Amino acid sequence: MAKNEKTMIKIKQTASPIRRPKDQRKTLAGLGLGKIGRVVELQDTPEIRGMIAKLPHMVQVVED
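Our subject in this report is the structure included herewith. (Residues numbered from 1 in each chain as written. Predicted model: local features only at pLDDT ≥ 70, side-chain atom pairs only at ≥ 80, totals over all residues. Heavy atoms only, no water.)

## Describing unusual backbone geometry
Step number 1: Located in the positive-phi region is Arg19, a residue other than glycine, with phi close to 60°.
Step number 2: Locating Arg19 in the fold gives a position in the loop between strand S1 (8-13) and helix H1 (22-30).
Step number 3: For Arg19, a relative accessible area of 82% translates into the label exposed. (Helix = DSSP H or I, 4+ residues; strand = E, 2+ residues; numbered from the N terminus. Buried < 20%, exposed > 50% of the residue type's maximum accessible area, 1.4 Å probe, protein only.)

Structure, rendered in structure tokens:
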């Protein structure tokens, strides 16, 4: 893969942030999510993967 090529990852929110700890709500907002069913496309980095790993019960990786 070329250096300038950036891989992207699609993330879908599957659960509500209501009654979740504040740090989980902030992580969800950091991913650009906030409503169930919303999908965002972000650059696939270790930081984003760590945020996804922190919320496995609230988000899923969408495959095309």
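## Things to note about the sheet that holds strand S3 (residues 59-62)
Step number 1: With respect to topology, 3 strands assemble into an open sheet ordered S2-S1-S3, the strand pairing being antiparallel. One side of each edge strand has no neighbouring strand; the edge strands of this open sheet are strand S2 (39-43) and S3. Pairwise comparison of adjacent strand axes, ignoring direction, gives a mean angle of 35° for this sheet.
Step number 2: Sheet topology places S1 next to S2; 5 bridges connect them, and they run antiparallel. Across the sheet, residue Met8 finds its bridge partner in S2, namely Gln43.
Step number 3: Sheet strands in contact with helix H2 (residues 46-54) are S1, S2 and S3, and its direction is about 20° off that of S1. (Pairing = 2+ DSSP bridges. Axes fitted to C-alpha atoms, helices over the stretch in contact; angles between N-to-C directions. Contact = heavy atoms within 4.5 Å.)

## A word on the nonpolar core
Step number 1: Ile9, Ile11, Ala15, Leu28, Leu31, Leu33, Val40, Ile48, Ile52, Leu55, Met58 and Val59 form the largest nonpolar core, which has 12 residues in total.
Step number 2: Where this core is concerned, the elements lending two or more residues are S1 and H2.
Step number 3: For Leu33, the residues in contact, after removing those within four places along its chain, are Ile11, Gln13, Leu28, Arg38, Val40 and Val59. (Core = buried A, V, L, I, M, F, W, Y, C linked by side-chain atoms within 4.5 Å.)

## Considerations on H1
Step number 1: Within the sequence span of H1, burial applies to Gln24, Thr27 and Leu28. Here the buried residues of H1 occupy an arc of 100° about the axis, which is enough to place them on one side. Residues of H1 that are exposed and point over 90 degrees away from its buried face: Lys22, Lys26, Ala29 and Gly30.
Step number 2: Just downstream of H1, Gly32 is the residue with a positive phi angle, here 85°. (Arc of directions from axis to C-beta.)

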